[in-house]
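Each chain, written out:
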2 protein chains.
Amino acid sequence: MVNEEMKKLGNVRSVIREIFEYCKVRKAEIGKDNVFDFSIGNPSVPAPAIVNETIADLAANYDSIELHGYTSAQGDARVRGVISKYISDNFGAEVPANNIYMTCGAAAGLTISMKALCLPGDEVMAFAPFFPEYKVFSANCGAVLVPVKSDDKLLPDMADFESKITDKTRIVVVNSPNNPSGVVYPESTIKAIASVLEKKQKEYGHPVYILCDEPYRELVYDKATKVPYVMNYYDNTLVCYSWSKSLSIPGDRIGYVAVNPKAADSADVYAAICGAGRSLGFVCAPSMMQFVVEKCIGHVSDLSVYKTNRDLLYGSLTEYGFDCVYPDGAFYLFVKAPDGDSKKFFETAKKHEVLFVPADSFAAPGYVRIAYCVTTEQIKRCLPAFKEIAKEYGLIK
Amino acid sequence: MVNEEMKKLGNVRSVIREIFEYCKVRKAEIGKDNVFDFSIGNPSVPAPAIVNETIADLAANYDSIELHGYTSAQGDARVRGVISKYISDNFGAEVPANNIYMTCGAAAGLTISMKALCLPGDEVMAFAPFFPEYKVFSANCGAVLVPVKSDDKLLPDMADFESKITDKTRIVVVNSPNNPSGVVYPESTIKAIASVLEKKQKEYGHPVYILCDEPYRELVYDKATKVPYVMNYYDNTLVCYSWSKSLSIPGDRIGYVAVNPKAADSADVYAAICGAGRSLGFVCAPSMMQFVVEKCIGHVSDLSVYKTNRDLLYGSLTEYGFDCVYPDGAFYLFVKAPDGDSKKFFETAKKHEVLFVPADSFAAPGYVRIAYCVTTEQIKRCLPAFKEIAKEYGLIK
């Protein structure tokens, strides 16, 4: 006598969580240094010092009633003003404070935006490979997730994209830097997506919104890598941002939705976002964390560990003969199963106490995701195991 | 081209917010000391010192990655253990840690529980007068809110209650101490509700759950006032708790849902709650705040100001001839409009710069709600205005 769909969602852990829990048990059995857990995308670099300094300062010196009181539902006006200026200064897009809605992280930004824009039966598109919760979030508002194929560089297959847009398409999710592949969409890809959507909008006579899921925006490792700001290429754009990864504060749940003022019906979209936040029970984003990000905006955790890990892991695995996608960003390495069977690859690695995630649930069968947000020491210590796995597959002698 | 229901929810402010915003404008016009704003239920007493001390201590001394990292979706196991023990020690109910699910406040607890238990078309009952957002939260999962009448003491009208229970009734919301009336349901009322439900459950052959909305549990002012713990009277009970009012931290969004292990299908209910939290985009409750309430559980803000305000306001208004409901708890005084017209009462008071909320949206026409969570100085200064209003109504000479 409960909602069976919800019960299933609660009982069936995501594949990632399942492997993460296995690792916990296995570590207890054979010692935590002997298990190489690459399952989960939890930042391994602490928050920059300014985060904890700001928290301590606010607790000691800020007016307690304001610090811990309700902000307006869309977030504190001053904080939203600071974010507006940051977007303007850094991305060249003008998003007024009143087009910004503070959220409990990017996940809330996504569920709120989807509920604001979709009616039951509408379609939400996502480019494979994608974060499996997009399907759960779409289902929450009765929408259907439509996966789009990727090409051999794991960029959107534009022909497949265009062919799958229907009169029901309301939202296209763009997640770059990408979880799980680490790929960053170049400007040409963003332009191509925009161009297809401009055409299709005319054909169907109504807007299709791009929803940018951007928790990894700052996590890029080569100077040449640019992460285009999609609003500058396509008017009907909403950005769901989170400080989870940039400030290493995923547990604190703080982010925002920014609605491009140039978007069609942007005032209505913003109002619907306010309504959806109310409907889902969010009330306001955590108030003290709003004041923390006001002071810490623009700061980023020390990313050098992730870069070191990426270079070491990508370099070694390709040297051992594995076929890896070069990750420009995020903290994931996407690797092809040597014989195309990701589950067999997973089981083989598991025997060597190396745990990563088969990417079938990310709509990318034949791949696995290695979350390298661990210590560099752990990366170094796991390399002999990867070498053994490569030998078993006959990639090296 | 947006979800029109959400747009409406976003555009049409609640009556409370509307009056609150009017007060802001009016204060700017005539000076903030000249406007008596009793519109909003924002705690006026700061958090107890231990809250900010704990925050500063955690920021300085706790492992940053753990403090700000994802907890498990249902909340940190140790924190849930502390809450479990607190419930046992204080209310005599045994709720294991694995029946507790940490939430972003009570609102999230309500939307999550409703989504977990209801299917579209199911019915959620609430006893008038009630918090208007219950209707919004019920609608979120497609359920219909069924209001139940109150008697002249603003306690549930048991005959109306019994007659309105149908095969579709899934949830009965119990909110005591009550927003907006300040009434605390005595043990006899809880027993009567339980008895009706036991009978109706048998009749329909399936469970009906009581959902306790308890942000005001600790806000009672007379030693004799007991707030019964509903689980001890009725097995099929879930409690949505929030530290918003007890610790004066409404902006920080921290609370929990506790599922009685004796409830029918309690494991399924808990799983569905985990699933619903995932579906709505909550991920986990704010992590640092979980560790804050772990240390601060059992502490309460200084309630003496609220008690002083209540005594002063209730005493004076009844002396002036107003018909007031004696508020055992919360920080609201419920007053009958002298001629039964709450909107006229509102307009009359507004001319004297006294702003309270007509209770029509709380399903209690003819009443107004006065939120006395202000300074005692403000209460004292507003009394002459109330005296003038009483004169206008001819209650005194």
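Conventions and cut-offs
Residue numbers here run from 1 along each chain, matching the order of that chain's written sequence. Following the order in which they are written, the chains are lettered starting with A and the ligands numbered starting with 1. Whole-chain, interface and lining totals are the exception, using all residues; otherwise, since this is a predicted model, local features are given only for residues with pLDDT of at least 70 and side-chain atom pairs are given and counted only at 80 or more. Working from all heavy atoms in the structure, the side-chain values ignore hydrogens and water. Only runs of H or I of at least four residues qualify as helices and only runs of E of at least two qualify as strands under DSSP, and these elements are numbered from the N terminus. Only C-alpha atoms enter the radius of gyration, while the globule expectation follows 2.2 Å times N to the 0.38, with N the number of residues. A simple rule labels every residue: compare its accessible area, found with a 1.4 Å probe on the protein chains alone, to the largest value its type can have, and call it buried under 20%, exposed over 50%, or partly exposed in between. Using a 1.4 Å probe, accessible areas were evaluated by the Shrake-Rupley method; residue-level cover was limited to the displayed protein chains. Positive: Lys, Arg. Negative: Asp, Glu. His and the chain ends are not part of the count. Lysine's charge is taken at NZ, arginine's at CZ, aspartate's at CG and glutamate's at CD. In this description, a nonpolar core means a group of buried Ala, Val, Leu, Ile, Met, Phe, Trp, Tyr and Cys residues linked to one another through side-chain atoms lying within 4.5 Å. Contacts are assigned to residue pairs that have any heavy atoms within 4.5 Å of one another. In this analysis, strands are considered paired if DSSP registers two or more bridges between them. Note: buried area is the sum, over both parts, of the accessible area (probe 1.4 Å) each one loses when the two are combined. Salt bridge, as applied in this entry: a Lys or Arg side-chain nitrogen positioned within 4 Å of an Asp or Glu carboxyl oxygen. Side-chain atoms alone can form a polar contact between residues adjacent in sequence; in general such a contact is a pair of N or O atoms within 3.5 Å, and within protein one must be able to donate a hydrogen while the other accepts it. A residue's pLDDT is the confidence the predictor assigns to it, expressed on a 0 to 100 scale. Superposition of the copies was done by least squares, using only C-alpha atoms of residues whose pLDDT is at least 70 in both. The crossover handedness rule: strands pointing away from the viewer, path from first strand over the helix to second strand clockwise, crossover right-handed. Expected span of a helix: the number of residues minus one, times 1.5 Å. A fitted line through C-alpha atoms represents every axis, and for helices the fit uses only the stretch in contact; the resulting angles, taken between N-to-C directions, go from 0 to 180 degrees. Oblique is the label for every angle not falling under 35 degrees (roughly parallel), over 145 degrees (roughly antiparallel), or within 65 to 115 degrees (roughly perpendicular). Residues are sorted three ways: Asp, Glu, Lys and Arg are charged, Ala, Val, Leu, Ile, Met, Phe, Trp, Tyr, Cys and Pro are nonpolar, and all the rest, Gly among them, are polar. By definition, disulfides here are pairs of cysteine sulfur atoms that lie within 2.5 Å.

Q: What should I look at first to understand the overall build of chain A in this one?
A: Within chain A one finds 14 helices and 13 strands. Against the compact-globule benchmark of 21 Å for 397 residues, chain A has a radius of gyration of 21 Å, which places it among compact chains. Projecting the C-alpha coordinates of chain A onto the three principal axes gives extents of approximately 60 × 60 × 55 Å. Expressed as a percentage of the 397 residues in chain A, the buried residues total 61%. Total accessible area on chain A is roughly 14100 Å²; 53% of this is exposed by carbon and sulfur atoms. The distance from the centre of the 43 positive side-chain charges to the centre of the 48 negative ones in chain A is 3 Å.

Q: Would you mind going over the nonpolar core with me for this structure?
A: In summary, soluble globular proteins display a tendency toward joint burial of nonpolar side chains. Formed by 210 residues in total, the largest nonpolar core has its most connected members in Trp 243 and Phe 386 of chain A together with Trp 243 and Phe 386 of chain B. Among all residues touching Trp 243 of chain A, those that are not within four sequence positions of it are Ile 83, Met 102, Ser 248, Ile 249, Ile 254, Gly 255, Tyr 256, Val 293 and Ile 297 of chain A. If you look at the next biggest cluster of nonpolar residues, it comprises 80 residues, including Leu 280 of chain A together with Leu 117, Cys 118 and Cys 240 of chain B.

Q: Help me understand the pairing of strand β6 (residues 209-213) of chain B, please; the structure alone is not making it clear to me.
A: Where a strand is regular, its side chains alternate between the two sheet faces. Residue and element names in this part refer to chain B. Most of β6 is tucked away, with 5 of its 5 residues classed as buried. Covered by surrounding structure in β6 are Tyr 209, Leu 211 and Asp 213 together with Ile 210 and Cys 212, the residues of both alternating faces. In this sheet, β6 lies alongside strand β5 (residues 169-174) in parallel orientation, the contact comprising 4 bridges. Bridging from a neighbouring strand, Val 172 pairs with Ile 210 of β6.

Q: Please explain the interface of chain A and chain B as it appears in this structure.
A: When the parts come together, some accessible area is lost, and that loss is often what is quoted as the size of the interface. Counting from both sides, the interface comprises 75 residues of chain A and, opposite them, 75 residues of chain B. Taken together, the two surfaces of chain A and chain B that pack against each other cover about 5800 Å², and 57% of this comes from carbon and sulfur. Looking at the side of chain A facing chain B, the largest losses of area belong to Met 1, Tyr 70 and Arg 278 of chain A, adding up to 14% of the total buried there. Linking chain A with chain B are 4 salt bridges. When the shortest N-O distance is used, the salt bridge between Glu 133 of chain A and Arg 278 of chain B registers 2.8 Å. One can count 37 residue pairs in polar contact (both at pLDDT 80 or more) joining chain A with chain B. Looking at the side of chain A that touches chain B element by element, the count peaks at 10 residues for helix α10 (residues 266-280) of chain A.

Q: Help me understand the confidence of the model for chain A in this model?
A: Any region with low pLDDT has predicted coordinates that should not be read closely. Confidence in the prediction for chain A averages 96 pLDDT; 100% of positions are at 70 or higher. Taken together, the chains of this predicted complex give a pTM of 0.96 and an interface ipTM of 0.96.

Q: I keep staring at the sheet that holds strand β13 (residues 367-371) of chain B and nothing clicks. Help me out?
A: Sheet strands pair via backbone hydrogen bonds, and the direction of the pair is either parallel or antiparallel. Residues and elements named next belong to chain B. Taken together, the 4 strands give an open sheet; going across it, the order is β9-β10-β13-β12, and neighbouring strands pair in antiparallel fashion. Both outer strands of the open sheet, β9 (324-325) and β12 (357-358), are each paired with one neighbouring strand and no more. Pairing between β12 and β13: 2 bridges, direction antiparallel. Across the sheet, Val 357 pairs through a bridge with Arg 369, a residue of β13.

Q: Please clarify how the sheet that holds strand β10 (residues 332-336) of chain A should be interpreted in this entry.
A: Spatially, β9-β10-β13-β12 (chain A) is the arrangement adopted by the 4 strands of the open sheet, whose pairing is antiparallel. Sheet topology places β9 (324-325) and β12 (357-358) of chain A at the edges, where each strand pairs with a single neighbour.

Q: Any chance you could explain the relation of the copies chain A and chain B here in plain terms?
A: Superposing the two chain copies requires a rotation about an axis and a translation along that axis. Of the two same-sequence chains, chain A is brought onto chain B (RMSD 0.0 Å, axial shift 0.0 Å) by a rotation of 180°. These values place the two chain copies in the arrangement generated by a two-fold rotation axis. Relative to the rotation axis, the C-alpha of Ala 56 of chain A is the closest in chain A, positioned 2.2 Å from it.

Q: What should I look at first to understand the pairing of strand β4 (residues 144-148) of chain A in this one?
A: Residues and elements named next belong to chain A. Both strand β3 (residues 123-127) and β4 contribute to a ladder of 5 bridges, which runs parallel. Across the sheet, residue Ala 126 finds its bridge partner in β4, namely Pro 147. Between the parallel pair β3 and β4, the chain is carried across by helix α7 (residues 133-140), and the sense of this crossover is right-handed.

Q: Quick question: what am I supposed to make of helix α10 (residues 266-280) of chain B here?
A: What sets the pattern is the α-helix's 3.6 residues per turn: residues three or four places apart point alike. Residues and elements named next belong to chain B. Compared with the 21 Å implied by 1.5 Å per residue over 15 residues, the 21 Å span of α10 between its first and last C-alpha is a close match. Taken as a whole, α10 has its buried residues at Ser 266, Val 269, Tyr 270, Ala 271, Ala 272, Ile 273, Cys 274, Gly 275, Ala 276, Gly 277, Ser 279 and Leu 280. Looking one or two places after α10, you find Gly 281, whose phi comes out positive at around 95°.

Q: Before we go on, may I ask you to explain the packing of helix α12 (residues 304-319) of chain B against helix α14 (residues 376-392) of chain B in this structure?
A: A packed helix pair is summarised by two numbers, namely the angle formed by the two axes and the spacing between the axes. Residue and element names in this part refer to chain B. Across the interface, α12 lies against α14 with an axial gap of 10 Å and an inter-helix angle of 10°. It follows from the interaxial angle that α12 and α14 lie roughly parallel. Facing α12, whose interface residues are Val 305, Thr 308, Asn 309, Leu 312, Leu 313, Ser 316 and Leu 317, α14 presents Thr 376, Ile 379, Lys 380, Cys 382, Leu 383 and Phe 386. The class makeup of the residues in the contact of α12 with α14 is 8 nonpolar, 4 polar and 1 charged.

Q: I keep staring at the side chain of Thr 237 of chain A and nothing clicks. Help me out?
A: Assignment of secondary structure puts Thr 237 of chain A in strand β7 (residues 237-242). Within the local environment of Thr 237 of chain A, its side chain forms a polar contact with the backbone oxygen of Tyr 234 of chain A, the two atoms lying 2.7 Å apart.

Q: Teacher, can you tell me more about the side chain of Asn 179 of chain A here?
A: Residues and elements named next belong to chain A. Along the chain, Asn 179 falls in the loop between β5 (169-174) and α9 (187-204). Among the residues examined, Asn 179 registers a relative accessible area of 6% and is labelled buried. In this structure the side chain of Asn 179 is engaged in a polar contact, spanning 2.8 Å, whose partner is the side chain of Arg 369.

Q: Sorry if this is basic, but what is going on with the state of the cysteines here?
A: One covalent bond between the sulfur atoms of two cysteine residues makes up a disulfide. Residue and element names in this part refer to chain B. Within the structure shown, the criterion is met by 0 disulfides over all chains. With no disulfide of its own, Cys 23 has Cys 373 as its nearest cysteine by sulfur position, at a separation of 12 Å. A residue is classified by how much of its surface remains accessible, and Cys 23, at 0% relative accessible area, is buried. Cys 212 provides the cysteine sulfur closest to Cys 240, a residue in no disulfide bond, and the two sulfurs are 8.2 Å apart. In this structure Cys 240 comes out as buried when scored by relative accessible area, which is 0%.

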